[in-house]
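Residue strings, one per chain:
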Amino acid sequence: MSHQSELIASDIERYLKEHENKDLLRFITCGSVDDGKSTLIGRLLHDSKMIYEDQLAAITQASRTSGTTGDEVDLALLVDGLQSEREQGITIDVAYRFFSTERRKFIIADTPGHEQYTRNMATGASTASLAIILIDARHGVQTQTRRHSFICDLLGIEHLVVAVNKMDLVAYDEDRYLQIVDEYRLVMDRLEARDIHFVPLSALKGDNVVEPSSEMPWYDGPSLLTLLEEVEIRHDQNLRDVRLPVQFVNRPNLDFRGYAGTLSSGVLTPGLAVKVLPSGTTSQVKRIVTMDGDLDAAFPGQAVTITLCDEIDASRGDWIVGVDDQVPLRSEFVADIVWMHESPLEPGKLYDIKLATRDLAGKVVAIDYLVDVNTLEQRHGEQLDLNAIARCRVELTTAIPVDDYRTHPGTGCFILIDRLSNLTVGAGMIHSPSDAELPYEFRKHDSKASVVWNRTTVTQTMRERINGHRGCCVWFTGLSGSGKSTLANALEVELNRRGHHTMLLDGDNVRHGLCKDLGMGEQDRAENIRRVGEVARLFAEAGVIVITAFISPFRADREAARALFLSDDFVEVFVDTPLDVCEERDPKGLYQKAREGKILDFTGINSPYEAPVKPEVSVNTEIMSEQDIIAKLLKHL
Ligand SMILES: Nc1ncnc2c1ncn2[C@@H]1O[C@H](COP(=O)(O)OS(=O)(=O)O)[C@@H](OP(=O)(O)O)[C@H]1O
Ligand SMILES: Nc1ncnc2c1ncn2[C@@H]1O[C@H](COP(=O)(O)OP(=O)(O)O)[C@@H](O)[C@H]1O
């Protein structure tokens, strides 16, 4: 079944060929029956001639008995197929519907809108590249509008169309439409999706759904269908990073060994250098084999069998990736999990996990926070109930290659399966698995194997919640006399004044206690900075803003301290005061002593200072006043 084309009657072969080459847009409709969702889908199917005549006759008949549209045919009946939902007046499952136009093929995931169906919505959204957010023009932006938008965003949908429906019921009033667009802008500010369109329409009357409406001459944008046909999706796919999760090894005889699977991202070509993960064995693609002959190239979404130039060992679950792709191997990661079952997720309980084509076991070791899907606020929670979403820490029984969901939607997600009932109970999206983005305890440590990490029940996130802000580190570095202590002190005063929890670690003070055994040689300075970095991290873990003022002359030592923090939580401030200015100030008379040869390894005189290459903030106290510098820092923080 497809849109009506004259070619169907005259040249079916050509029609099918054209149809095959059209690109496909998968989209989700978010809203409830009350918003006119089913009517909208019915209208799209009806106006794009996607309904058989007997179907139309049937719904015309049904409209008289259970329709809600008076004399008009109730198009919602086309999609509210299930008897029970018809009776209850709600849609209760995810239904996929297909239609096509001259320009594109479409698959609509039609999911229920109420909060108790978040799991269905997440399922529908997981494969969609566009979402239609339906708003009833009479009611404007509702809690449900926010929830739908947030969930779509969480699932990485890049394109949103905000459809302001039922314009006929507000007399096609432009001001009302603009008011709703303004209301929605507040939601938009919290979304990562950047391609957002608005369209005023009436699904019931057909205004701006397929054809432009004569009722709203003030709107000169495209109709909904034109938007769906024109939205740019070609660049959405990740064509850069090759990921072929091996579904099975095809070995019909001794002469052929093929690796079959669906290419999740990247472009495969014969001759491409690849490696198998997790083993890391390298080879080259020899052939891309399909039922219809060999291919010159394979693209994301294509099911292929490839052969490699070398006899190497790869099995189901392994990934074939580009030879230079840096894919971290991890047994722990952070993920957003949507819970889909009546019995709540139990932290510590072992679940079966399916990630791409690999079957493993693992558990959620901690729930960092629950996300309120209506407001995006973070809350503390011990368990994850049906339809809840949470940022969790997941631990697997074995290390596997791991991708970030946002950049690799096909390989960056997984499902959790209950080991007894074999039911899918949750779905997860992996969050930045790269080392710098992992919580400290999840990183690779070279500490002694016999020392295990003892995880505390109260987490950094929970401490931060009480403090009302994140823990982080502001690291001042610069020559003696450059102004580190002065600025660090002034910054702490300002933060303290604003009610923030702070701690200041200053070189001179720390060297009186924690580091009193250390001198000014290169190794001792390195050890000094190592200790300070660790202490700073502990303070940050307590949810405190820790400010450090140490010369910290060596780049490698500062980078080692930085590596203890998540990337946003370490702010390096280079106090870039020229040596001659510092020497002129000489607040402690140390430069003079150094010049007189009384101090042998004084920084800047007879011991090196390696300036930061890319500090988060750089300030020159010769040029800027103390107040200006503090204002700049506060702005950055
Ligand atoms: N040889 C030598 N070189 C540099 N500085 C010296 C030296 N001897 C003593 N001092 C005093 O010690 C303070 C520097 O200590 P730090 O812990 O910040 O130094 S380091 O980061 O370990 O290099 C430093 O403090 P600031 O002037 O506040 O930077 C000096 O007062
Ligand atoms: N804009 C400025 N910011 C910070 N300090 C300044 C500034 N202008 C002059 N100074 C002076 O420079 C000196 C810096 O000393 P200090 O803060 O102890 O440096 P450090 O801790 O880097 O050794 C202080 O005497 C301070 O009054």
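Since the model is a prediction, treat every value here as computed from it, not as a measurement. (Residues numbered from 1 in each chain as written. Chains lettered and ligands numbered in written order. Predicted model: local features only at pLDDT ≥ 70, side-chain atom pairs only at ≥ 80, totals over all residues. Heavy atoms only, no water.)

**Quick look at the overall build of the chain**
Thinking step 1. Within the chain, the secondary structure is distributed over 18 helices and 25 strands.
Thinking step 2. Once local pairs closer than 6 in sequence are excluded, the contacts in the chain between residues at least 24 apart make up 71%.
Thinking step 3. Accessible area of the chain: about 30200 Å², with a carbon and sulfur share of 50%. (Helix = DSSP H or I, 4+ residues; strand = E, 2+ residues; numbered from the N terminus. Contact = heavy atoms within 4.5 Å. Areas by Shrake-Rupley, 256 points an atom, 1.4 Å probe, with all protein chains shown as cover.)

**Here we look at the site of ligand 1**
Thinking step 1. Lining the immediate environment of ligand 1, one finds 21 residues, of which Ser480, Arg511, Arg525, Asn528 and Ser552 sit closest.
Thinking step 2. Between ligand 1 and Lys484 there is a distance of 3.0 Å, counted from an oxygen atom to a side-chain nitrogen or oxygen.
Thinking step 3. Contact with the protein chains hides 91% of the accessible area of ligand 1, taken as 630 Å² for the molecule alone.
Thinking step 4. Sorting the residues of the shell around ligand 1 by element identifies helix H12 (484-497), helix H13 (507-510) and helix H14 (522-541) as the ones contributing at least two each.
Thinking step 5. The biggest single contributor to the shell around ligand 1 is H14, with three residues.
Thinking step 6. Tallied by class, the residues present in the shell around ligand 1 amount to eight nonpolar, seven polar and six charged. (Near = heavy atom within 4 Å. Polar contact = N/O pair within 3.5 Å; in protein donor to acceptor, adjacent residues only side chain to side chain. Nonpolar A, V, L, I, M, F, W, Y, C, P; charged D, E, K, R; others polar.)

**A closer look at the UniProt feature "binding site: ATP" (unreviewed entry) in the chain**
Thinking step 1. In the UniProt entry, the feature "binding site: ATP" (unreviewed entry) is given for Gly478, Leu479, Ser480, Gly481, Ser482, Gly483, Lys484 and Ser485.
Thinking step 2. Mapped onto the elements of the fold, Gly483 is located in the loop between strand E21 (472-477) and H12.
Thinking step 3. With near-sequence residues (within four places) excluded, Gly483 lies in contact with Val575 and Arg585.
Thinking step 4. Mapped onto the secondary structure, Ser485 falls in helix H12.
Thinking step 5. The exposure class assigned to Ser485 is partly exposed, which follows from its relative accessible area of 33%.
Thinking step 6. The contact partners of Ser485, leaving out residues within four places of it in the chain, are Asp506 and Ala549. (UniProt positions renumbered as here; feature names shortened; annotations may be inferred. Buried < 20%, exposed > 50% of the residue type's maximum accessible area, 1.4 Å probe, protein only.)

**Observations concerning the state of the cysteines**
In protein structure, a disulfide is the covalent linkage between the sulfur atoms of two cysteines.
Thinking step 1. Tallied over the entire structure, the rule returns zero disulfides.
Thinking step 2. Residue Cys152 stays outside any disulfide, its sulfur separated by 3.7 Å from that of Cys30, the closest cysteine. (Disulfide = S-S within 2.5 Å.)

**Describing helix H8 (residues 143-154)**
Thinking step 1. Its twelve residues place the ends of H8 16 Å apart at the C-alpha level, agreeing with the 16 Å of an ideal helix rising 1.5 Å per residue.
Thinking step 2. For H8, the tally of buried residues reaches nine of twelve residues, placing the bulk of the element in the interior.
Thinking step 3. Residues of H8 that are buried include every one of Gln144, Thr145, Arg147, His148, Ser149, Phe150, Ile151, Cys152 and Asp153, and no others.
Thinking step 4. A positive backbone phi angle near 80° is found at Gly156, which sits one or two residues after H8. (Expected span 1.5 Å × (residues − 1).)

**Here we look at the side chain of Thr411**
Thinking step 1. Its place among the elements puts Thr411 in the loop between strand E18 (389-401) and strand E19 (413-417).
Thinking step 2. Its relative accessible area of 0% is what places Thr411 among the buried residues.
Thinking step 3. Residues contacting Thr411, with those up to four places away along its chain left out, are Arg243, Pro245, Ser264, Trp319, Leu355, Ala356 and Asp403.

**Points about the site of ligand 2**
Thinking step 1. Looking at ligand 2, there are 15 residues lining it, with Gly481, Gly483, Lys484, Ser485 and Thr486 nearest.
Thinking step 2. One of the backbone nitrogen or oxygen atoms of Gly481 is found 2.6 Å away from an oxygen atom of ligand 2.
Thinking step 3. Lys484 is positioned such that a nitrogen or oxygen atom in its backbone is 2.8 Å from an oxygen atom of ligand 2.
Thinking step 4. For ligand 2, whose accessible area on its own is 570 Å², the fraction buried by protein is 74%.
Thinking step 5. With four residues, H12 is the largest single contributor of residues to the shell around ligand 2.
Thinking step 6. The class makeup of the residues in the shell around ligand 2 is four nonpolar, eight polar and three charged.

**Here's the deal with the nonpolar core**
A general feature of soluble globular proteins is that nonpolar side chains tend to end up buried together.
Thinking step 1. If you look at the biggest cluster of nonpolar residues, it comprises 66 residues, and the most contacted ones within it are Phe27, Ile28, Tyr184 and Leu228.
Thinking step 2. Taken domain by domain, this core gets at least three of its residues from each of domain 1 (7-230) and domain 3 (329-433).
Thinking step 3. When near neighbours in sequence (up to four residues on either side) are disregarded, Phe27 contacts Leu44, Phe99, Phe106, Ile107, Ile108, Ala109, Ala128, Leu130, Ile132 and Leu228.
Thinking step 4. Counting residues in hydrophobic clusters, the runner-up holds 27 residues, among them Trp339, Leu384, Phe414 and Leu416. (Core = buried A, V, L, I, M, F, W, Y, C linked by side-chain atoms within 4.5 Å. Domains from an automatic or database assignment.)

**Side note on the pattern of salt bridges**
Thinking step 1. Evaluation of the coordinates by the stated rule reveals 35 salt bridges.
Thinking step 2. Here Asp325 and Arg243 are joined by a salt bridge, their closest N and O atoms 2.9 Å apart. Residue Asp325 is located in the loop between strand E13 (319-322) and strand E14 (329-339), and its partner Arg243 is located in strand E7 (residues 243-245); the two are separated by 82 residues in the primary sequence. A single burial state applies to Asp325 and to Arg243, both of which are buried.
Thinking step 3. In this structure, Asp403 engages Arg243 in a salt bridge whose closest nitrogen and oxygen atoms are separated by 2.6 Å. With Asp403 in the loop between E18 and E19 and Arg243 in strand E7, this pair connects stretches of sequence that are 160 residues apart. (Salt bridge = Lys/Arg side-chain N within 4 Å of Asp/Glu carboxyl O.)

**Notes on the environment of Asp136**
Thinking step 1. Within the secondary structure layout, Asp136 lies in strand E4 (residues 130-136).
Thinking step 2. Residues Asp136 and Lys166, spaced 30 residues apart in sequence, show a C-alpha to C-alpha distance of 5.9 Å.
Thinking step 3. If we ignore the near neighbours within four places in the chain, the residues touching Asp136 are Asp34, Asp35, Asn165 and Lys166.
Thinking step 4. Of note is the side chain of Asp136, whose polar atom sits 2.8 Å from the side chain of Arg138.

**A word on the environment of Val394**
Thinking step 1. The residue Val394 is located in strand E18 in this model.
Thinking step 2. The exposure class of Val394 is buried, given its relative accessible area of 1%.
Thinking step 3. Through-space distance from the C-alpha of Val394 to that of Ala366 is 7.5 Å; in sequence the pair is 28 residues apart.

**Brief notes about the sheet that holds strand E25 (residues 617-619)**
Thinking step 1. With parallel pairing, the five strands of this open sheet are ordered in space as E22-E23-E21-E24-E25. Each edge of the sheet is formed by a strand with only one pairing partner; in this case those strands are strand E22 (502-506) and E25. In this sheet, adjacent strand axes meet at a mean angle of 15° when their direction is disregarded.
Thinking step 2. Strand contacts of helix H18 (residues 626-636): E21, strand E24 (570-575) and E25, with the helix running at about 175° to E25, the strand carrying the most contacts. (Pairing = 2+ DSSP bridges. Axes fitted to C-alpha atoms, helices over the stretch in contact; angles between N-to-C directions.)

**Re the packing of aromatic side chains**
Thinking step 1. Scanning the entire structure with this criterion turns up 13 aromatic pairs.
Thinking step 2. Centre to centre, the rings of Tyr591 and Phe602 are 4.9 Å apart; their planes meet at 75°, and the pair counts as edge-to-face. Of this pair, Tyr591 sits in helix H17 (residues 590-595) while Phe602 sits in the loop between H17 and E25, and the two are eleven residues apart along the sequence.
Thinking step 3. We classify Tyr591 as buried; its relative accessible area is 1%.
Thinking step 4. One aromatic cluster is present, built from ring pairs that chain together Trp475, Phe550, Phe565 and Phe570. (Phe/Tyr/Trp six-rings, centres within 6.5 Å; stacked < 30°, edge-to-face > 60°.)

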